[in-house]
Amino acid sequence: MPYLHMPRAASYITLEITGIRVERLQDISEADAANEGVPPANDLLPLYPGTDPTPEGNFATAMVAFQRLWEFIYGEESWQTNP
C-alpha cells in the first residue's frame, strides 16, 4: 500500500509543523543551517581521521556547507539570486 494512502494509525511517526517563517536564503544562520541537516566539515572529521577541510576552508561552517549544497542542487547562480 502506498504511504500516501496509509491510515494515520498505521504510521510509525507523525510529524507536527510547529512554525513557518519566510526569510532570504543568504540570511540563514549557522544554527539554522545545522538544523537543516548540513553539518560543518569539522564535525565530520572525527569520523575520518587524517582528513582536513579543503585549503580554502570550504565547509568549515554549516552556513558554507549549506551554500555549497544549495549550489550543487540548484546551480551556482541560484545562491546569488537570494530567493
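For the structure, check the block above.
This one's a predicted model, so the numbers in the text were calculated from it and none came from an experiment.

(A) Looking closely at unusual backbone geometry. The backbone of Asn82 shows a phi angle near 50 degrees, a positive value even though the residue is not glycine. Mapped onto the elements, Asn82 comes out in the segment after helix H4 (76-81).

(B) Fine view of the nonpolar core. Core analysis: the biggest nonpolar cluster contains eight residues, these being Leu25, Ile28, Ala33, Val38, Ala62, Ala65, Phe66 and Trp79. No other element matches the three residues that helix H3 (residues 62-74) contributes to this core. Other than its neighbours up to four places away in sequence, Ala62 contacts Glu30, Ala33, Ala34, Val38, Pro39 and Pro40.

(C) A look at the pattern of salt bridges. The tally for this structure, following the rule as stated, stands at three salt bridges. Residue Arg21 is joined to Glu23 by a salt bridge in which the shortest nitrogen-to-oxygen separation is 3.3 Å. Overall, the relative accessible area of 36% leaves Glu23 in the partly exposed class. Across the pair Arg21 and Asp32 runs a salt bridge whose closest N-O atoms are separated by 2.6 Å. Of this pair, Arg21 sits in the segment before helix H1 (30-35) while Asp32 sits in helix H1, placing them 11 residues apart in sequence. Salt bridges sharing common partners tie together Arg21, Glu23 and Asp32.

The rules behind each value
Residues numbered from 1 in each chain as written. Predicted model: local features only at pLDDT ≥ 70, side-chain atom pairs only at ≥ 80, totals over all residues. Heavy atoms only, no water. Helix = DSSP H or I, 4+ residues; strand = E, 2+ residues; numbered from the N terminus. Core = buried A, V, L, I, M, F, W, Y, C linked by side-chain atoms within 4.5 Å. Buried < 20%, exposed > 50% of the residue type's maximum accessible area, 1.4 Å probe, protein only. Contact = heavy atoms within 4.5 Å. Salt bridge = Lys/Arg side-chain N within 4 Å of Asp/Glu carboxyl O.

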